[in-house]
Amino acid sequence: MRRLFPVTDQTPAAIDREWTLDELAEAYAYPATGPDGHWLRANMVSTLDGAAQHDGRSQPISGETDMRIFGTLRALADVVVVGAETVRQEGYRPARAREAFAARRAAAGQGPAPAIAVVTAGLELDFSLPLFTSPLVPTLVVTGAAAPADRVAEATRAGAQVVVAGEGAGADPVRVVRELADRGLRRQLTEGGPRLLGQFVAADALDELCLTISPMLTAGTAQRISAGPSITVPQRLAPASVLEEAGFLFTSYRRI
C-alpha cells in the first residue's frame, strides 16, 4: 500500500508495502471532538461504474486490503450503525474483540468491541441470531416510537437494547446520531446499506465518507452507495486521504 494524498516530504509515498494495523489505525483515527461532540463516518465500496453490490452483496467487489481497513474502522468505532436490510443480506454477526486493538481501545476508554446498532422501522429481524443472542456487548435496535410493540418486546426478550429515535414508526437520522452519542457512543461508523446512508446524507448528518473504489466493472442494475430522495444542493466534501494498493483506491472525504 502507498499513500497518494496528502503527500509531504515526510511521507513515504513511493514505498509500496503492506501497512501494519497500527499504521492503518493512525491513518483512520477519528478527529478530536469536544466533550459533547460526535463523528459519523461511513464505510462503503463501489466499482468504477458505481455499483455498491454484486448479486446483492458487497463482498464480491471488495478485496483483502479493503477487508483489513473494514476491520480497522470497526476497531476504532464505539458503534457500528447498519440498516436492517443489510443485516439480512450480509448475514451480520456481533463485532468481535481483537487483541491487536485492545490497548488502543482501552486507552481511548472504549469497551472490548463496538456495539452494533440496527436501524429499523418494522423490526423484521431474526432475533434468534447470534447478533442478538450472544454479542460481546448488547446489540442496539434503533427505531421509532410507533414501531410494532410486539416486535419491540421480542427484541427486548432476545437481549437487544431498544433505542427510540423518532416519533413515527422509523428512526430520524439526526436523532439516531444524537441518541447514540448520548449513550457515550460518539465515534460512529455506518456500513450502510445504501438506503440508510442516503438518509444520513439527506439529513446532513454525515461527517466523513471512507470510500473504497474497486477496480472492477459490473454493469447491471446494482444500487449506488447511497439511495433515496435527491437533496436540493449537492453536498461537497474535502479529500482527507487517498491510499492505493493493487488498483484499489481507499479514499476518505470529510465535511467542509
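Look up: the structure comes first, before these words.
Residues numbered from 1 in each chain as written. Predicted model: local features only at pLDDT ≥ 70, side-chain atom pairs only at ≥ 80, totals over all residues. Heavy atoms only, no water.

Visitor: Explain the overall build of the protein chain to me, please; I cannot follow it from the model alone.
Guide: A count of helical and extended segments in the protein chain gives eight helices and ten strands. Structurally, the protein chain occupies a C-alpha span of about 60 × 45 × 35 Å along its principal axes. Counting all 256 residues of the protein chain, 45% fall into the buried class. Restricting the contact set of the protein chain to residue pairs at least 6 apart, pairs at least 24 apart contribute 69%. Looking at the protein chain as shown, the accessible area adds up to about 12300 Å², and 54% of this sits on carbon and sulfur atoms. Charged side chains of the protein chain number 25 positive and 29 negative; the gap between the two group centres comes to 2 Å. (Helix = DSSP H or I, 4+ residues; strand = E, 2+ residues; numbered from the N terminus. Buried < 20%, exposed > 50% of the residue type's maximum accessible area, 1.4 Å probe, protein only. Contact = heavy atoms within 4.5 Å. Areas by Shrake-Rupley, 256 points an atom, 1.4 Å probe, with all protein chains shown as cover. Lys, Arg positive; Asp, Glu negative; His and termini not counted. Charge placed at Lys NZ, Arg CZ, Asp CG, Glu CD.)

Visitor: Honestly, the nonpolar core in this entry has me stumped. Any pointers?
Guide: Generally speaking, nonpolar side chains in soluble globular proteins are found buried as a group. Formed by 37 residues in total, the largest nonpolar core has its most connected members in Y28, V118, F127 and F132. When contributions to this core are tallied by element, the ones reaching two or more residues are α1 (21–27), α2 (64–76), β3 (79–83), α3 (84–90), β4 (115–119), α5 (130–133), α6 (149–158) and β10 (248–255). Ranked by the residues each element gives to this core, the list is headed by α2, at four residues. With 26 residues, the next largest nonpolar core counts V142, V176, L185 and F200 among its residues. (Core = buried A, V, L, I, M, F, W, Y, C linked by side-chain atoms within 4.5 Å.)

Visitor: Is there a simple way to explain the packing of aromatic side chains in this structure?
Guide: Aromatic ring pairs are described here by two measures, namely the spacing of the ring centres and the angle between the planes. Inspection of the entire model under this criterion finds two aromatic pairs. Ring plane angle 70° and centroid distance 4.9 Å describe the contact between F127 and F132, whose orientation is recorded as edge-to-face. By relative accessible area, which is 5% here, F127 ends up buried. Since its relative accessible area comes to 2%, F132 is described here as buried. Geometry around Y30 places R41 over its ring, the cationic atom sitting 4.1 Å from the centre. (Phe/Tyr/Trp six-rings, centres within 6.5 Å; stacked < 30°, edge-to-face > 60°. Lys NZ or Arg CZ within 6 Å of the ring centre and 35° of its normal.)

Visitor: Explain the sheet that holds β10 here, please?
Guide: Adjacent strands of a sheet pair through backbone hydrogen bonds, lying either parallel or antiparallel. Pairing is mixed in the open sheet, where ten strands are placed in the order β1-β9-β10-β8-β2-β7-β3-β4-β5-β6. Across the chains shown, the open sheet's two edge strands, defined by having one partner strand only, are β1 (2–5) and β6 (161–164). Mean inter-strand twist for the sheet, computed between neighbouring axes without regard to direction, equals 25°. Along the sheet, α2 contacts β2 (39–47), β3, β4, β7 (187–190), β8 (208–214), β9 (237–245) and β10; its crossing angle with β2, the most-contacted strand, is approximately 170°. (Pairing = 2+ DSSP bridges. Axes fitted to C-alpha atoms, helices over the stretch in contact; angles between N-to-C directions.)

Visitor: Would you explain helix α7 (residues 173–182) in this entry?
Guide: An α-helical turn contains 3.6 residues, so any two residues separated by three or four positions project in the same direction. With seven of ten residues buried, α7 is to be regarded as a mostly interior element. Restricting attention to buried positions, one finds in α7 the residues P173, R175, V176, V177, E179, L180 and A181. G184, located one to two residues past α7, shows a positive phi value of around 85°.

Visitor: What is the right way to read the environment of L189 from this model?
Guide: Locating L189 in the fold gives a position in strand β7. For the pair formed by L189 and M44, sequence separation is 145 residues and the distance between their alpha carbons is 11 Å. Setting aside residues up to four positions removed in sequence, L189 forms contacts with Y30, L40, R41, A42, N43, L73, R74, A77, V79, V80 and V81.

Visitor: Explain the side chain of S46 to me, please; I cannot follow it from the model alone.
Guide: In this fold, S46 is placed in strand β2. Taking relative accessible area as the criterion, S46 reaches 10% and is therefore assigned buried. With near-sequence residues (within four places) excluded, S46 lies in contact with A51, I61, L211, T212, I213, S214 and I225.

Visitor: I keep staring at the packing of α2 against helix α4 (residues 99–107) and nothing clicks. Help me out?
Guide: How two helices sit against one another is set out by the angle between their axes and by the gap between those axes. Where α2 meets α4, the closest approach of the two axes is 10 Å, and the angle between their N-to-C directions is 30°. Relative to α4, the element α2 is oriented roughly parallel. Between α2 and α4 the crossing geometry is right-handed. Along the contact surface, α2 presents T72, R74, A75 and L76, while α4 presents F101, R104 and R105. Its residues assigned to classes, the contact of α2 with α4 shows three nonpolar, one polar and three charged. (Parallel < 35°, antiparallel > 145°, perpendicular 65-115°, else oblique. Left-handed = near helix turned anticlockwise from the far one by under 90°. Nonpolar A, V, L, I, M, F, W, Y, C, P; charged D, E, K, R; others polar.)

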